[in-house]
Amino acid sequence: MESTAVPAIQAGRLEAPTLVVLAANALRKKILAGELEPGERLLEERLTEELAISRPPLREALRVLESEGLVHTRPRRGSFVATLTEEDVYEILTLRSTLERMAFELGIPVKSADLLEPARQALIEMDRCAREQDRGALVLAGYAFHSSLIRIAEHRRLEEIYASVQQQLLVCMSRNLITRERFFEDLEEHVARHHQLFELVESGDVDAALAELAVHGERSFESDPTAAQKHRPQPTRTE
């Protein structure tokens, strides 16, 4: 079973991740890659066979994902992959747009090159994921990139608000990536847009970075191309 989990460090020792952690990581990536679709029932018998684990660690892993908002459980019916309504998508995207714009307005020009290093490293990971067609890991790296750019504002409460909706953003980003790849761009082009945004942030040109940010998510939508017009954050003019 594949995993990107980093071993925990305790008392000076590296500890291997548990079966629960490995299973949660594998299922999380499957959900974010679209291999497990929104609303799909998670059949324990099939998953225990695919992940080569028993039911107890699988059920604990599902509880972990439920706490993250990626899975929900219905009494006597089982566990299902979380879904997003049109209203969910609208609220997530408008909140994300507002928070990221605020970070750019407060943080550009960036005060220190060190503040940009996490975003640079996330781009390196995004490049790797695109080359290897690792869609689940690409979604996670994409979130790491955007959350790193939030931190250029050096605004603790802004960071906390953005982090508080992390799992909802991940679900939305996952659906966006799947639809973008289907209709608009391949994975390399997807990552290239993020490189372009990073370069403008690094340049210190706040107006250019804000203009790119305004269109960066213009095709952010959950289910079909026509929804882009309904859900996309609208650019705000700057004088």
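Fair warning: this is a prediction, and the values are worked out from it, not measured in the lab.

Trainee: What am I meant to see in the pairing of strand β4 (residues 71-74) here?
Mentor: The side chains of a regular strand alternate, residue by residue, between the two faces of the sheet. Bridge count for β4 against strand β5 (residues 78-81) is four bridges, and the pairing is antiparallel. Bridged to Arg 74 within β5 is Gly 78. Hairpin connection between β4 and β5: a loop of three residues separates the two successive antiparallel strands, and Arg 76 in this loop has a positive phi of roughly 65°.

Trainee: Whenever I open this one, the sheet that holds strand β3 (residues 41-42) confuses me. Can you help?
Mentor: The strands that make up a sheet are held in pairs by hydrogen bonds between backbone atoms, and each pair lies either parallel or antiparallel. One open sheet accounts for three strands, arranged β3-β5-β4; its pairing is antiparallel. Bordering the open sheet on either side are β3 and β4, each of which pairs with just one other strand. Note that β3 and β5 share two bridges and pair antiparallel. Counterpart to Leu 42 in the pairing with β5 is Ser 79. Docked against the sheet, helix α3 (residues 55-68) engages β3, β4 and β5, running at close to 110° with respect to β4.

Calculation notes
Residues numbered from 1 in each chain as written. Predicted model: local features only at pLDDT ≥ 70, side-chain atom pairs only at ≥ 80, totals over all residues. Heavy atoms only, no water. Pairing = 2+ DSSP bridges. Helix = DSSP H or I, 4+ residues; strand = E, 2+ residues; numbered from the N terminus. Contact = heavy atoms within 4.5 Å. Axes fitted to C-alpha atoms, helices over the stretch in contact; angles between N-to-C directions.

Everything listed is a geometric property; what it means functionally is a separate question.
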